[in-house]
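Per-entry structural report
Residues per chain are reported as follows:
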Amino acid sequence: MYAKELVINNFRNYKQARLAFSRGKNIIIGENAQGKTNLLEAIDLLSSGKSNRAGEERELVLWGTSNASIKLEYHARGYDESLSMDWKMKSPSAPNAVANARAQKSMFVNGVHQQSVKGILGRLLTVSFSAEDLNLLRGGPKFRRDWLDNLAIRLHPSFHDVTSSYAKSVMQRNKLLKTLSEKGRLSVSDQDELLVWDKQLARFGTQIIKMRLDLLASLLPIAENEQTHLSRSQEKLTIDYAFRAQELNTANPTDEDEEDFSPDNDSSENNLDKESNAGGNKSADNDNSRSTEKQTSAEVKSMNEVRSMENVELAKYLMKLMKERRWLELRRRQSLVGPHRDNLIFKLNGADAASYASQGQQRSIVLSLKLAELRRIQDEINEAPILLLDDVLAELDEKRAQLLLSAVGDQMQTIMSTTHLSGINNAWLADAKVMTVHAGALKEDTPHATL
Ligand SMILES: Nc1ncnc2c1ncn2[C@@H]1O[C@H](COP(=O)(O)OP(=O)(O)OP(=O)(O)O)[C@@H](O)[C@H]1O
Ligand SMILES: [Mg+2]
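So, here's what we can say about the structure. (Residues numbered from 1 in each chain as written. Chains lettered and ligands numbered in written order. Predicted model: local features only at pLDDT ≥ 70, side-chain atom pairs only at ≥ 80, totals over all residues. Heavy atoms only, no water.)

What follows is about the overall build of the chain. Counting its secondary structure elements, the chain contains 15 helices and 15 strands. When the 451 residues of the chain are sorted by exposure, 53% land in the buried category. Counted over contacts in the chain with a minimum sequence separation of 6, partners at least 24 positions apart contribute 74%. Put simply, the chain shows about 20,400 Å² of open surface, and 48% of that area lies on carbon and sulfur atoms. (Helix = DSSP H or I, 4+ residues; strand = E, 2+ residues; numbered from the N terminus. Buried < 20%, exposed > 50% of the residue type's maximum accessible area, 1.4 Å probe, protein only. Contact = heavy atoms within 4.5 Å. Areas by Shrake-Rupley, 256 points an atom, 1.4 Å probe, with all protein chains shown as cover.)

So, about the packing of helix α12 (residues 359–381) against helix α13 (residues 398–408). Taken N-terminus to C-terminus, the directions of α12 and α13 make an angle of 5°; their axes are 11 Å apart at the nearest point. Taken as axis vectors, α12 and α13 run roughly parallel relative to one another. Listed contacts from α13 to Gly360, Gln361, Ser364, Leu367, Leu371 and Arg375 of α12 are Arg400, Leu404 and Ala407. Among the residues making up the contact of α12 with α13, the classes are represented as four nonpolar, three polar and two charged. (Axes fitted to C-alpha atoms, helices over the stretch in contact; angles between N-to-C directions. Parallel < 35°, antiparallel > 145°, perpendicular 65-115°, else oblique. Nonpolar A, V, L, I, M, F, W, Y, C, P; charged D, E, K, R; others polar.)

In this section: the sheet that holds strand β11 (residues 351–352). Here three strands make up an open sheet; going across it, the order is β9-β10-β11 and the pairing antiparallel. The sheet is open, and its two borders are formed by β9 (237–242) and β11, each paired with just one other strand. As judged from the two bridges shared by strand β10 (residues 343–348) and β11, these two strands associate in the antiparallel manner. Looking at β11, one finds that leucine 348 is bridged to alanine 351. Each of β9 and β10 is contacted by α12, which is oriented at about 120° to β10, the strand it contacts most. (Pairing = 2+ DSSP bridges.)

A few words on the site of ligand 1. Lining the immediate surroundings of ligand 1 are 15 residues, of which Asn32, Ala33, Lys36, Thr37 and Glu59 lie closest. Separating an oxygen atom of ligand 1 from a backbone N or O atom of glycine 35 is a distance of 3.0 Å. A distance of 2.9 Å separates a nitrogen atom of ligand 1 from a polar backbone atom of glutamate 59. Here ligand 1 loses 75% of its free accessible area of 660 Å² to cover by the protein chains. Partitioned by chemical class, the residues of the shell around ligand 1 number four nonpolar, six polar and five charged. (Near = heavy atom within 4 Å. Polar contact = N/O pair within 3.5 Å; in protein donor to acceptor, adjacent residues only side chain to side chain.)

The subject of this paragraph is the nonpolar core. Ranked by size, the top nonpolar core spans 118 residues in total, and within it Ile27, Trp87 and Leu404 carry the most contacts. A total of 13 residues in this core trace back to one element, the largest contributor, which is helix α5 (residues 188–230). Built from parts of two domains, this core gets at least three residues from each of domain 1 (2–125 + 383–450) and domain 2 (133–343). With sequence-adjacent residues up to four places away left out, isoleucine 27 is seen in contact with Met416, Thr418, Leu421, Ile424, Trp428, Leu429, Ala432, Lys433, Val434 and Met435. Membership of the second largest hydrophobic core comes to six residues, among which are Leu176, Leu177, Leu180 and Leu330. (Core = buried A, V, L, I, M, F, W, Y, C linked by side-chain atoms within 4.5 Å. Domains from an automatic or database assignment.)

With that settled, consider the sheet that holds strand β2 (residues 14–20). Here six strands make up an open sheet; going across it, the order is β2-β1-β4-β5-β6-β7 and the pairing antiparallel. Of all strands in the sheet, those bounded by a partner on one side alone are β2 and β7 (112–114). Neighbour-to-neighbour, the strand axes of the sheet open up by a mean angle of 20°, direction not taken into account. Note: strand β6 (residues 103–109) against β7, three bridges, orientation antiparallel. Of the residues in β7, the one forming a bridge with phenylalanine 108 is histidine 113. The sheet strands contacting helix α1 (residues 36–48) are β1 (2–11), β2, β4 (67–76) and β5 (79–89), and the helix crosses β1 at an angle near 115°.

Inspection of every chain in the model, using the stated rule, returns two aromatic pairs. Arranged with centres 5.8 Å apart and planes meeting at 40°, the rings of phenylalanine 11 and tryptophan 87 form a pair that is tilted. Of the two residues, phenylalanine 11 is situated in strand β1 and tryptophan 87 in strand β5; the sequence distance between them amounts to 76 residues. The burial state of phenylalanine 11 is the same as that of tryptophan 87; both residues are buried. On the numbers, 4.8 Å between centres and 55° between planes, the contact of tyrosine 241 with phenylalanine 243 is tilted. This pair shows no difference in class: tyrosine 241 is buried, exactly as phenylalanine 243 is. When the ring centre of tryptophan 428 is taken as reference, the NZ or CZ atom of lysine 25 above it lies at 5.1 Å. Against the face of tyrosine 317 rests lysine 301, its NZ or CZ located 5.5 Å from the ring centre. (Phe/Tyr/Trp six-rings, centres within 6.5 Å; stacked < 30°, edge-to-face > 60°. Lys NZ or Arg CZ within 6 Å of the ring centre and 35° of its normal.)

A few words on the pairing of β10. Note that β9 and β10 share six bridges and pair antiparallel. Among the inter-strand pairings, aspartate 240 is bridged to a residue of β10, identified as isoleucine 345. Two successive antiparallel strands, β10 and β11, enclose a turn made up of two residues, where asparagine 349 displays a positive phi of approximately 45°.

In structure tokens form, the structure reads like this:
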């Protein structure tokens, strides 16, 4: 598939822009802070429905204006289609907007309004690669979970409903845990109410875990292959799925991301974990006399064992884990069992890459993962996705940069941003369309003029 034309109005630092793409290679050159990432963000937004860097929709609206829009015409599955979004605000957007200033977003497919983001998912498939992706190795588990889930959603848009139902269930259950933890003792009806949410979590959680494991199983051989190629057969990449509820065997696990789904957390709650059990034991569970040191699990299952379980069986297993960790969940007012806490562990030749891999090796892993994502989408839809490279050559050494460029070659449309053209070989540049961006204004260029 390929992007044909992007039209932008009052989006980020662009007042108005119209950009026609080449079917093959496109390079956007600009100094820092001119609008390169903003432009790629617009395309990515139309693909995924959400910005991966804007906390609020209003951030996307050009300061001083109240209406923004982006529209992309593209070719996919043999048809010309268009995707567009617009944002409307009651008062003009500003860099320091008051907290309640909102932008109302609307989405359209071929001009037809879509009720939800699901309507646009799975149509325009892009693979983005930017310096941020190094968080796949260096960041917390959330980056890795999101990477898998977002890919799953793009391949199977109906999965979006599952992930949002799951996130809502975790929020509701955390709220309930908080209320119950203040009571001191659980009545039968409290336990019944909790059981309702346990079941919801187990049901949607099972679907998410299964989807992640299946996806991982299909990505792994491709990523492994790419890594072998990048390291000239020196490094074997493996990926483990860590069910972190299984690892929870102390009262004070150190989890950097446990608040992912909880809107209720504040520092006072986190302090609860740091308190010893002395004084009021906050656990409302009947088992609260148990030692806080050990939380034993009846069975620890491997990634492959879980993958081969029937859904009903896996849901029961999650319920069992929840039951075993109930006292701890009540004390911490957090749902501690389920895919919202799981992690992916990347290993090179058996050693944990986050701890031991060099910076170059970490970059190679991320590159292998991105290439695996790309090939996986290509296999699924029988068409190449659009590759968005945001200033990524600067992150790679020459060898890896050339490998990336030769891997994408002529097989797919590439839209790349860069601050300068050095590092891109002449053969690649020869048939690339080059555009410059300066302060949100685009200008078409020829490679020779910019060299
Ligand atoms: N809503 C907005 N209204 C006006 N300007 C904005 C808005 N949002 C972001 N900007 C500005 O857009 C400018 C360009 O941002 P962008 O991230 O695209 O830069 P870039 O060209 O990718 O730079 P770098 O090379 O440093 O990554 C920034 O200076 C930013 O402050
Ligand atoms: Mg940028």
